[in-house]
Amino acid sequence: MDIKYNIRTFIKANRQIMCRVRWNNGSNEIGFFIGYYGDPNKWDSANQCPIRGTTHEHDIKKVSASTINRAISEYKAAIEDCFKFYEGQSYVPQKEELKLLVNDKLGKIKPQHKESKNKDFFQLMDNYVTTTKSIKGWTEAVTKKFASLKTLLLEFDKKLSFDTLDLSKMLELRNWFIRHEYRNRTTNKYFGFLFWFLRWADKEGYLTHQDILKFKTNLKVIAKPVSYLTMEELLSFYRFQFPIAKQYLDRARDIFCFMAFTSLRISDLKALCWHNIKNDIIEIVTEKTDDRLLINLNEYAKELLAKYQRLHLPNNKVFPAASNQKLNDYLKEAAQLAGLNKVWLDEYYIGTTKKEETYKFHEIISCHDARRTFICCSLAMGISPEVVMKWTGHSDYSSMKPYIEVADETKAESMDKWNTDGKTNIVEAEQKALKVLKELGLGKEEILTLINQL
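Residues numbered from 1 in each chain as written. Predicted model: local features only at pLDDT ≥ 70, side-chain atom pairs only at ≥ 80, totals over all residues. Heavy atoms only, no water.

(A) View of the overall build of the protein. Each helix and strand counted, the protein has 18 helices and 12 strands in total. Counting the 454 residues in the protein, one finds 41% classified as buried. Accessible area for the protein stands at about 26,000 Å²; split by element, carbon and sulfur atoms hold 50% of it. (Helix = DSSP H or I, 4+ residues; strand = E, 2+ residues; numbered from the N terminus. Buried < 20%, exposed > 50% of the residue type's maximum accessible area, 1.4 Å probe, protein only. Areas by Shrake-Rupley, 256 points an atom, 1.4 Å probe, with all protein chains shown as cover.)

What follows is the structure in structure tokens.
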């Protein structure tokens, strides 16, 4: 990759000597103050440097042209080295990224770390996870993410340390994810977890290069499509009769549908006991967020409770236990038999390359699609987001936005009002207007003339 850039040295009106660089067809520009002031009368504009043998004075301080020229050369060399690095990474830097890397190469960013605390990077990551998960009450999913992150970092560089983890290394890591075909969304998530650890390391005095905390992946991400069932599809799945030899699919389907009828997460459904259900209301404290929820039961949910009340499961549980993986496997098999073949388009980026994949719903169905189904169906039926949030435990309106955007049935019904209600209202309005005009004593020709003028 060849990045076109231009470097120009000049004196500003306040006599500061600047080294300016432009790249990306001039859309990006940064000016570096080289630390010296110059005399415009002793400046060689053609060669962009002080005239040889001259002395430049500012606030009683005198600096020779040779000293200024050395500083200019250092900045130009640092800028050129940075662009060579980015070209090797096949990446066009953003302004802040280039600024940080140039200053880092020039030693303008001073490391702040305690030598006595310079421990092994991966050992410290283990210590961080062990102590923080108990203090902050991490879920098992978060702990597993850090285990995955550590595995990936070891694959990237087994000798990774706080001394070697600078801006250049962060960019190498980002590009490592791209070369290994990780989606940008996934790469950004892993960097997010990495920054949790790095901010802690900085606070504890281990971080050598504080500037890496300003690093951004600048990877474009397309919002992930929300996978869910429409009300018609959900009820079809709910009523589907599975072969007697595959009753395990019946149970998997029932668990999915109960979550789709109530908005429960799989973790909360597994914890659901009969004493949590009173007067057709589920009262439960969620496993993930510790929210106390009151969820009204609809007729479909009541039917399933009546079906499973006969089982008398251990520990007063409502539904039989199953691992998430096994349940998801059963759901895929059940959805395929039930004909849930709706095609989903997944668009995403790997680096700067946009890709598309299509799936049939039965290939991607999982436990969490039940909760999404509840939200989308509720919104499509006209239930307000505020009420839905009371049932689901969502804390802010923005978290509901993805579901509101995919309530296609609601959108279609709303647009259809233009075709039905709209036409009816327009006709009614025209008839009322004609009636008023006639009452005013206007004749047919006068009325038509007035309408045409409008």
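(B) Local environment of the nonpolar core. Counting residues in each nonpolar core, the largest one holds 61 residues, and the members touching the most others are Phe121, Leu194, Phe197 and Leu198. Beyond its immediate stretch of four places on either side in the chain, phenylalanine 197 contacts Phe121, Leu124, Met125, Tyr128, Phe146 and Phe162. Of all hydrophobic cores here, the second largest spans 51 residues; its members include Leu235, Met259, Tyr308 and Val318. (Core = buried A, V, L, I, M, F, W, Y, C linked by side-chain atoms within 4.5 Å. Contact = heavy atoms within 4.5 Å.)

(C) Inspection of the pairing of strand S6 (residues 55-58) at higher detail. The pairing of S6 with strand S7 (residues 61-64) spans 4 bridges and is antiparallel. Along S7, the bridge assignment pairs histidine 58 with lysine 61. Two successive antiparallel strands, S6 and S7, enclose a turn made up of 2 residues, where aspartate 59 displays a positive phi of approximately 50°. (Pairing = 2+ DSSP bridges.)

(D) Just the packing of aromatic side chains, in detail. Going through the model one piece at a time under the given rule, you end up with 41 aromatic pairs. Seen in terms of ring centroids, phenylalanine 177 and tyrosine 182 are 5.3 Å apart; in terms of plane orientation they differ by 75°. Their pairing is edge-to-face. Classification of phenylalanine 177 as buried rests on a relative accessible area of 1%. Exposure remark for tyrosine 182: the relative accessible area of 24% places this residue in the partly exposed category. When the ring of phenylalanine 237 is compared with that of phenylalanine 256, the centres are 5.9 Å apart and the planes differ by 70°; the resulting orientation is edge-to-face. Separated by 19 residues along the polypeptide, phenylalanine 237 in helix H7 (residues 231-239) and phenylalanine 256 in helix H8 (residues 247-262) bring together distant segments of the chain. Residues phenylalanine 237 and phenylalanine 256 agree in their burial class; the two are buried. In textbook terms, an aromatic cluster arises when at least three aromatic residues are bridged by ring pairs, as seen for Phe121, Phe122, Tyr128, Trp138, Phe146, Phe162, Phe193, Trp196, Phe197, Trp200 and Tyr206. Residue placement shows arginine 174 over the ring face of tyrosine 91; its charged tip is 3.9 Å from the ring centre. (Phe/Tyr/Trp six-rings, centres within 6.5 Å; stacked < 30°, edge-to-face > 60°. Lys NZ or Arg CZ within 6 Å of the ring centre and 35° of its normal.)

(E) Representation of empty space enclosed by the protein. Counted under the stated rule, the structure contains 2 cavities of 30 Å³ or more. Considering only enclosed or pocket space, the largest cavity measures out at about 70 Å³ in volume. Elements with a contribution of two residues or more to the lining of the largest cavity: helix H1 (65-88), helix H2 (95-105) and helix H5 (167-179). The leading source of residues in the lining of the largest cavity is H2, at 3 residues. Partitioning the lining of the largest cavity into residue classes produces 7 nonpolar, no polar and 2 charged. The calculated volume of the second largest cavity comes to roughly 30 Å³. (1 Å grid on protein atoms, 1.4 Å probe; cavity = no way out; pocket = protein on both sides within 12 Å on 5 of 7 lines; lining within 4 Å. Points joined across faces, edges and corners; volume = space filled by probe spheres on them. Nonpolar A, V, L, I, M, F, W, Y, C, P; charged D, E, K, R; others polar.)

(F) Seen up close, the sheet that holds strand S8 (residues 277-278). Read across the open sheet, the 3 strands follow the order S8-S9-S10; overall the sheet is antiparallel. Strand pairing shows two members of the sheet lacking a second neighbour, S8 and strand S10 (292-296), which therefore form its edges.

(G) Fine view of helix H13 (residues 368-380). For H13, built from 13 residues, the straight-helix expectation of 18 Å at 1.5 Å per residue is met to within 8% by its first-to-last C-alpha distance of 19 Å. Regarding H13, the residues found buried are Asp369, Ala370, Arg371, Thr373, Phe374, Ile375, Cys376, Cys377, Ser378, Leu379 and Ala380. After H13 finishes, the residue glycine 382 shows a positive phi value of roughly 95°. (Expected span 1.5 Å × (residues − 1).)

(H) Representation of the environment of arginine 199 in the model. As for its placement among the helices and strands, arginine 199 is situated in helix H6 (residues 184-204). In this structure, the C-alpha to C-alpha distance between arginine 199 and glutamine 210, residues 11 residues apart in sequence, is 9.2 Å.

(I) Layout of the pattern of salt bridges. Inspection of every chain in the model, using the stated rule, returns 19 salt bridges. Between aspartate 126 and lysine 150 there is a salt bridge, with the nearest N and O atoms lying 2.8 Å from each other. One end of the pair, aspartate 126, is in helix H3 (residues 121-136); the other, lysine 150, is in helix H4 (residues 140-156), with 24 residues separating them in the sequence. On the accessibility criterion, aspartate 126 (33% relative accessible area) is partly exposed. The salt bridge partner of arginine 253 is aspartate 254, with a shortest N-O separation of 2.9 Å. Neither residue differs from the other here; arginine 253 and aspartate 254 are each classed as buried. (Salt bridge = Lys/Arg side-chain N within 4 Å of Asp/Glu carboxyl O.)

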